[in-house]
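Report on the structure
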Amino acid sequence: MIREVNPEDLDQMLELYLFLHEDGKPENNRHLRDVWNEIIEDKNHHIIVNEIDGKIVSSCVCVIIPNLTRDVRPYAFIENVVTHDEYRGNGYATECLDHARKIALKENCYKMMLLTGSKKQSTLDFYKKAGYNSNDKTAFIQWL
């Protein structure tokens, strides 16, 4: 089932992010809970999950960014696309990305974009199959 996160999903999200690039879960302290609540309450921040039998198995984040160009149309940024190892290859992440696209269309976004640090051809092919291309823009990252 595709849905957006609920406030009570924090622990499951932190578990799922262990399959992304995290080495461990952050300390469950006030700062973590404040950030979680800020995300939950932000109308432009969407954490989309795919839930199977009560377990969150895949997710992506879709942030709608207001914009003054392109006829004052926003754009969507996709981040943290992840699927639990045991559930990969079943289309769950694709369903999350499709839901993000619906949100972006509903919000009148003129584009969606994402970055990946993966060099694996299977990951790049996955994003191409989902409708993304790596030809139109060049990404630069500055880590802080």
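Above this text sits the structure in question.
Residues numbered from 1 in each chain as written. Predicted model: local features only at pLDDT ≥ 70, side-chain atom pairs only at ≥ 80, totals over all residues. Heavy atoms only, no water.

**Here we look at the overall build of the protein chain**
Secondary structure assignment for the protein chain yields 4 helices and 5 strands. Mapped from its N terminus to its C terminus, the protein chain presents α and β elements in the order β-α-α-β-β-β-α-β-α. For a compact globule of 144 residues, the expected C-alpha radius of gyration is about 15 Å, and the protein chain comes in at 15 Å, within 12% of that figure. Its C-alpha atoms put the protein chain at 40 × 35 × 35 Å along the principal axes. Looking at the protein chain residue by residue over its 144 residues, the buried ones come to 33%. The average position of the 18 basic charges and that of the 23 acidic charges among the side chains of the protein chain differ by 8 Å. (Helix = DSSP H or I, 4+ residues; strand = E, 2+ residues; numbered from the N terminus. Rg over C-alpha atoms; globule rule 2.2 N^0.38 Å. Buried < 20%, exposed > 50% of the residue type's maximum accessible area, 1.4 Å probe, protein only. Lys, Arg positive; Asp, Glu negative; His and termini not counted. Charge placed at Lys NZ, Arg CZ, Asp CG, Glu CD.)

**Describing the sheet that holds strand E1 (residues 2-4)**
Reading across the sheet, the 5 strands line up as E1-E2-E3-E4-E5 and stay open at both edges, with mixed pairing between neighbours. Lying at the two open borders of the sheet, with one neighbouring strand each, are E1 and strand E5 (112-114). Neighbour-to-neighbour, the strand axes of the sheet open up by a mean angle of 30°, direction not taken into account. Sheet topology note: the strand E3 (residues 55-65)/strand E4 (residues 75-83) ladder contains 7 bridges and is antiparallel. In the strand pairing of E4, cysteine 62 is matched with isoleucine 78. Sheet strands touched by helix H3 (residues 92-106): E1, strand E2 (45-52), E3, E4 and E5. Its angle to E3, the strand with the most contacts, is close to 30°. (Pairing = 2+ DSSP bridges. Axes fitted to C-alpha atoms, helices over the stretch in contact; angles between N-to-C directions. Contact = heavy atoms within 4.5 Å.)

**Re the pairing of E4**
Looking at chain direction, E4 and E5 are connected through 3 bridges and run parallel. Within E5, the residue paired with alanine 76 across the bridge is methionine 112.

**Focus: the packing of aromatic side chains**
One pass over the structure, following the stated rule, counts 3 aromatic pairs. An angle of 75° between the planes, with centres 6.3 Å apart, marks the rings of tyrosine 75 and tyrosine 110 as edge-to-face. Of this pair, tyrosine 75 sits in strand E4 while tyrosine 110 sits in the loop between H3 and E5, and the two are 35 residues apart along the sequence. What makes tyrosine 110 partly exposed here is its relative accessible area of 24%. In this structure, lysine 111 packs its charged tip against the face of tyrosine 75, placed 5.5 Å from the ring centre. (Phe/Tyr/Trp six-rings, centres within 6.5 Å; stacked < 30°, edge-to-face > 60°. Lys NZ or Arg CZ within 6 Å of the ring centre and 35° of its normal.)

**Concerning unusual backbone geometry**
Of note, valine 72 is a non-glycine position whose phi angle comes to about 60°, a positive value. Structurally, valine 72 can be placed in the loop between E3 and E4. One non-glycine residue, asparagine 80, lies in positive phi territory at about 55°. Structurally, asparagine 80 can be placed in strand E4.

**Some thoughts on the environment of isoleucine 64**
Here isoleucine 64 lies in strand E3. Sequence separation between isoleucine 64 and cysteine 109 is 45 residues, and the spatial gap between their C-alpha atoms is 7.8 Å. Non-local contacts of isoleucine 64, meaning those with residues more than four positions away in its chain, are made with Asn44, His46, Pro74, Tyr75, Ala76, Ile103, Ala104, Glu107 and Cys109.

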